[in-house]
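Fold and geometry: a report
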Amino acid sequence: MKSLPIVWQRLVNTEGKTCDRCSATYQEMQRALGKLELALRPLGIAPSLDVKEIDEKAFKANPSESNRIWIAGKPIEEWLGASVGSSRCCTVCGDTNCRTVEVGATKFETIPEQLFLSAALLAASQLLVPTRDAGSH
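Now for a look at the structure at hand. Note that this is a predicted model, so its numbers are computed, not measured. (Residues numbered from 1 in each chain as written. Predicted model: local features only at pLDDT ≥ 70, side-chain atom pairs only at ≥ 80, totals over all residues. Heavy atoms only, no water.)

**Thoughts on the pattern of salt bridges**
Using the criterion set out here, one finds eight salt bridges in the structure. When salt bridges with common partners are traced through the structure, they connect Glu28, Arg31, Lys35 and Glu113 into a single cluster. (Salt bridge = Lys/Arg side-chain N within 4 Å of Asp/Glu carboxyl O.)

**Notes on the sheet that holds strand β1 (residues 2-11)**
The strands making up a sheet associate through hydrogen bonds between their backbones, and the pairing can be parallel or antiparallel. Pairing is mixed across the open sheet formed by four strands, whose spatial order is β2-β1-β3-β4. The strands lining the two open edges of the sheet, one partner per strand, are β2 (45-54) and β4 (74-75). Pairing of β1 with strand β3 (residues 68-71) involves four bridges; the strand directions are antiparallel. Opposite Ile6, over in β3, you have Ile71 as the bridge partner. Each of β1, β2 and β3 touches helix α4 (residues 113-127); the most contacted strand, β1, lies at about 145° to it. (Pairing = 2+ DSSP bridges. Helix = DSSP H or I, 4+ residues; strand = E, 2+ residues; numbered from the N terminus. Contact = heavy atoms within 4.5 Å. Axes fitted to C-alpha atoms, helices over the stretch in contact; angles between N-to-C directions.)

**Some remarks on helix α1 (residues 20-40)**
Taking 1.5 Å of rise per residue, 21 residues should cover 30 Å, and α1 covers 30 Å from first to last C-alpha, within 8% of that figure. For α1, the set of buried residues is Arg21, Cys22, Thr25, Glu28, Met29, Ala32, Leu33, Leu36 and Leu40. Against β1, β2, β3, β5 (83-88), β6 (97-103) and α4 lie the buried residues of α1. (Expected span 1.5 Å × (residues − 1). Buried < 20%, exposed > 50% of the residue type's maximum accessible area, 1.4 Å probe, protein only.)

**Focus on the packing of aromatic side chains**
Inspection of every chain in the model, using the stated rule, returns one aromatic pair. Judged by centre distance (5.3 Å) and plane angle (25°), the rings of Trp8 and Tyr26 are stacked. One end of the pair, Trp8, is in strand β1; the other, Tyr26, is in helix α1, and 18 residues separate them in sequence. Looking at Lys74, its charged tip hangs above the ring of Trp79, at a distance of 4.3 Å from the centre. (Phe/Tyr/Trp six-rings, centres within 6.5 Å; stacked < 30°, edge-to-face > 60°. Lys NZ or Arg CZ within 6 Å of the ring centre and 35° of its normal.)

**What about unusual backbone geometry?**
Among all residues save glycine, negative phi is the norm, and among peptide bonds the norm is trans. Backbone geometry places Asn67, a non-glycine residue, at a positive phi of 60°. In this fold, Asn67 is placed in the loop between α2 (56-61) and β3. In this model, Ala72 sits at a positive phi of 50°, which is unusual for a non-glycine residue. Examined against the element boundaries, Ala72 turns out to sit in the loop between β3 and β4. By relative accessible area, which is 34% here, Ala72 ends up partly exposed.

**Some details on the sheet that holds strand β7 (residues 106-108)**
Taking strand neighbours across the sheet as the criterion, the three strands line up as β5-β6-β7 in an open arrangement whose pairing is antiparallel. On the outer flanks of this sheet lie β5 and β7, each paired with one strand and no other. Strand-to-strand, the axes of this sheet are offset by a mean angle of 40°, without reference to chain direction. In the sheet, β5 pairs with β6 via six bridges, with the strands oriented antiparallel. Bridge pairing links Gly85 to Thr100 in β6.

Any functional reading would require information beyond the geometric quantities listed.
Structure (structure tokens):
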């Protein structure tokens, strides 16, 4: 099986808590991963999720690194033709504006299942393209 690597990182404070939007994104990703596994298994592709934590110091230095997703080495916004923005979050994040993803005129604070699936399927489709070595004998 080919692997479809997915990395998601978010702020985790000293009490082990994360913000509501990161928690909601994780729930959306969990729903999507089940569907993704079923869809990709017949194609010989297996998604693998690596969850990373960033601490409060790293978050304060660069808040847009929290609630960030990479699929097959590319940021989700690149797969979606989206842009990154920010908006006020909640108590765990303090007064800091947190990452949003903007697709067209719509701003997403939580990455919904559909956006995640769209990006992951685009990335998976790249794994189906034959490489130069595969066709030569």
